[in-house]
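Reading the structure
Residue-level listing of the chains:
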Amino acid sequence: MFSASPKGASASAAVYSIVETSKANDLEPFRYLTYLLEKLPNINFKIHPEVLKDFLPWSKEVQQKYK
């Protein structure tokens, strides 16, 4: 209803999910999203999938930096 296409709706849902999950983990959503958008494009998760856990909102490093 509020998106121009199914892909747009899917993208919006993904962002809303990240924002709400960051709030649920007492993080500042803007700072956390900025961090993700700056760091994630430079990581090859196909080679190192284990690194993804370090970016989750409940990881100790993320909690220390973005709370």
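Because the structure is a prediction, the values reported are computed rather than measured.

**As for the nonpolar core**
Considering soluble globular proteins, one finds that nonpolar side chains tend to be buried as a cluster. Formed by Leu27, Tyr32, Tyr35, Leu36, Phe55, Val62 and Tyr66, the largest nonpolar core amounts to 7 residues. At the level of elements, helix H2 (29–39) and helix H3 (60–66) are the ones that each hand at least two residues to this core. Considering every element that reaches this core, the biggest residue donor is H2, with 3 residues.

**What about the side chain of Ser22?**
Summarising the element assignment, Ser22 is placed in helix H1 (residues 6–24). Excluding residues within four positions of it along the chain, Ser22 makes contact with Leu27, Pro29 and Tyr32.

**Side note on the side chain of Ser59**
Summarising the element assignment, Ser59 is placed in the loop between H2 and H3. If near-sequence neighbours (up to four positions away) are discounted, Ser59 is found in contact with Lys53 and Asp54.

Each value, and the rule that gives it
- Residues numbered from 1 in each chain as written.
- Predicted model: local features only at pLDDT ≥ 70, side-chain atom pairs only at ≥ 80, totals over all residues.
- Heavy atoms only, no water.
- Core = buried A, V, L, I, M, F, W, Y, C linked by side-chain atoms within 4.5 Å.
- Buried < 20%, exposed > 50% of the residue type's maximum accessible area, 1.4 Å probe, protein only.
- Helix = DSSP H or I, 4+ residues; strand = E, 2+ residues; numbered from the N terminus.
- Contact = heavy atoms within 4.5 Å.

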